Amino acid sequence: PEKLDAVILSHLHYDHMSDMLPMIYKLQGTGKKLPVYAPEGLQPVRALLESSYDVHNIDTLNIIGDLKLSVLPVQHPVPCRAVRVESQDSVFCYTGDTNTCDALREFVSGCSLMLADGCFPVSLWAENKPHLSAYLAAEVAAQAGAKRLMVTHFTPGIDQKVLLAEAQKCYPEVQIAYSGLTVEF
């Protein structure tokens, strides 16, 4: 953690930020107040972060080191952002947690790797749900011309093989994310 330049949190649901709390103990001895970029809102959670980190509004994010960053508000029950990270050689896009979002396709257009929320099979997806189906994530990647797609954000009890098969109908080069996976692009 002491080697990190910053942390970007798409939103402040616990499944996306809970590791930030024990990391406080790791960083306390270093004297480093790590910059954290997160959406406004969810004040009790944000207050926990602000007590130990240098917290910034994610909408102000534009450069970290030699990386150019941009964000897009997406459809989720709490303020959430998709994140686009551009280097000289590649573009990484993360959808954050979202359901369908008209601007997402353009935002991820031409990316080298799209990491997408695809937690539902088609049979469980609905417009009022807080997440995409794996098929819809694949559809966005295909329409946006993403070079690679990795689906993530899995719900216990939902077979990831089903998600992969559904996504492959629309985007054959899809991968399923798993713990410990390292990706070069």
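Preceding this paragraph is the structure being described.
Structural notes, computed from the coordinates. Note that the structure is a prediction, hence the values are computed from the model and not measured.

1. Digging into the side chain of Ser10
Okay, so step 1: Take Ser10: it is sitting in the loop between strand E1 (7–8) and helix H1 (14–17).
Okay, so step 2: In this structure the side chain of Ser10 is engaged in a polar contact, spanning 2.9 Å, whose partner is the side chain of His11.
Okay, so step 3: If we skip the residues at most four places from it in the chain, Ser10 touches His16, Pro39, Pro79, Cys80, Arg81, Tyr94 and Gly96.

2. As for the nonpolar core
Okay, so step 1: Within the largest apolar cluster, 32 residues are counted, with the highest numbers of intra-cluster contacts made by Leu104, Val108, Met114 and Leu149.
Okay, so step 2: Sorting the residues of this core by element identifies strand E7 (91–94), helix H4 (104–107), strand E8 (113–117), helix H5 (134–144), strand E9 (149–152), helix H6 (160–168) and strand E10 (174–176) as the ones contributing at least two each.
Okay, so step 3: In terms of residue count, H5 provides more of this core than any other element does, seven residues in total.
Okay, so step 4: If sequence neighbours within four positions are ignored, Leu149 has contacts with Leu113, Met114, Ala116, Ala137, Ala138, Ala141, Tyr171, Glu173, Val174 and Gln175.
Okay, so step 5: Within the second largest apolar cluster, 15 residues are counted, among which are Met20, Val45, Leu49 and Val55.

3. Let's talk about the pattern of salt bridges
Okay, so step 1: Using the criterion set out here, one finds five salt bridges in the structure.
Okay, so step 2: Glu2 is the partner of Lys26 in a salt bridge, and the nearest nitrogen-oxygen pair spans 3.7 Å. Of this pair, Lys26 sits in helix H2 (residues 20–28) while Glu2 is found in the segment before E1, placing the two residues 24 residues apart along the sequence.
Okay, so step 3: Glu2 gets classed as partly exposed once you look at its relative accessible area, which sits at 39%.
Okay, so step 4: For Glu86, the salt bridge identified is with Arg84, shortest N-O distance 3.1 Å.
Okay, so step 5: Residue class for Glu86 comes out partly exposed when judged on its relative accessible area of 23%.
Okay, so step 6: Here the residues in one salt-bridge network are Glu40, Arg46 and Glu50, joined through shared partners.

About the thresholds
Residues numbered from 1 in each chain as written. Predicted model: local features only at pLDDT ≥ 70, side-chain atom pairs only at ≥ 80, totals over all residues. Heavy atoms only, no water. Helix = DSSP H or I, 4+ residues; strand = E, 2+ residues; numbered from the N terminus. Polar contact = N/O pair within 3.5 Å; in protein donor to acceptor, adjacent residues only side chain to side chain. Contact = heavy atoms within 4.5 Å. Core = buried A, V, L, I, M, F, W, Y, C linked by side-chain atoms within 4.5 Å. Buried < 20%, exposed > 50% of the residue type's maximum accessible area, 1.4 Å probe, protein only. Salt bridge = Lys/Arg side-chain N within 4 Å of Asp/Glu carboxyl O.

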